[in-house]
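Chain by chain, the residues:
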Amino acid sequence: MLGPMNNLVKALESDLAVTVEFFTHDEYAKQLPFMHSFPKNGCEVVSALLAHALAKKYKDEEVIRMHGTDPATSQNHFWVEVGDQVLEPTGHQFEGIEVPFVCAAPSPLVVKFPHLERESTEQALNALLSLNIKSDAQAKILERLAVKLGPNPSIEGMPKRLRLLVTPHVKR
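To start, this report covers the structure provided alongside it. The numbers attached to residues start from 1 for each chain and follow its sequence in the written order. Totals for whole chains, interfaces and linings use all residues, but because this is a predicted model, local features are given only for residues with pLDDT of at least 70 and pairs of side-chain atoms are given and counted only at 80 or more. Neither water nor hydrogens contribute to the side-chain values; these are computed over all heavy atoms in the structure.

On to the sheet that holds strand 4 (residues 101-104). By this definition, two strands are paired if DSSP reports at least two bridges between them. Helix and strand definitions here come from DSSP, where helices need a minimum of 4 consecutive H or I residues and strands a minimum of 2 consecutive E residues; each element is numbered from the N-terminal end. An order of 4-3-2-1-5 is seen for the five strands of this open sheet, with the pairing classed as antiparallel. Edge strands, defined here as strands with exactly one partner in the open sheet, are strand 4 and strand 5 (115-119). Strand-to-strand twist of the sheet, defined as the mean angle between neighbouring strand axes without regard to direction, takes the value 30°. As paired strands, strand 3 (residues 85-88) and strand 4 are joined by four bridges and run antiparallel to one another. Across the sheet, the residue bridging to Leu-87 is Val-102, located in strand 4. Two residues qualify as a contact provided that any one of their heavy atoms is within 4.5 Å of a heavy atom in the partner residue. What counts as an axis is a line fitted to C-alpha atoms, over the stretch in contact for a helix, and the angles between N-to-C directions run from 0 to 180 degrees. Seen against the sheet, helix 2 (residues 43-57) touches strand 1 (63-69), strand 2 (76-82) and strand 3 and runs at an angle of roughly 15° to strand 2. The sheet contacts of helix 3 (residues 121-129) involve strand 1 and strand 5, and relative to strand 5 the element is tilted by about 100°.

Look at helix 3 against helix 4 (residues 135-149): their axes get within 9 Å of each other, and the N-to-C directions meet at 125°. Taken together, helix 3 and helix 4 sit at an angle that is classed as oblique. In this structure, helix 3 crosses over helix 4, and the sense of that crossing is right-handed. The segment helix 3 lies against helix 4, with Leu-125, Leu-128 and Leu-129 engaging Ser-135, Gln-138 and Leu-142. For classification purposes, an angle smaller than 35 degrees is called roughly parallel, one larger than 145 roughly antiparallel, one from 65 to 115 roughly perpendicular, and anything else oblique. By definition, turning the near helix anticlockwise from the far helix through less than a right angle yields a left-handed crossing, and turning it clockwise yields a right-handed one.

Here is the structure:
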């Protein structure tokens, strides 16, 4: 029997696969800035939208967007962390990484992007406004992505009184 952490990792791996498929093929998503060359240069957009969608799905987990910067080149990279798990939906744009991945934090890309900033999902979405991705466009993509991601499998259909027994409680 898998423990709660293994269940979360499996669910996040599934969510990551769905997300990559979504941003690769969804006609509306492909019209967003930088998405024509996904995964290259798509990390800022994808990570903001994915972080927000996962925060809604996994309400009891801390979900943040990480922003790493290479001080030598000022190059940036963004990824998502859910609890102590890293989701790298665009990590495969870099040499030596062949596929998107989920791993225990920290991301192996902190070697390349060591200056780190934690961003809330709200900060991440607000940053998309500077890329000219308006709130209505964000809402449309988030709605479409949420449908693809589906509900949290660990609690869907479970009576509320039982959800409290199995839902991990995060210290705030």
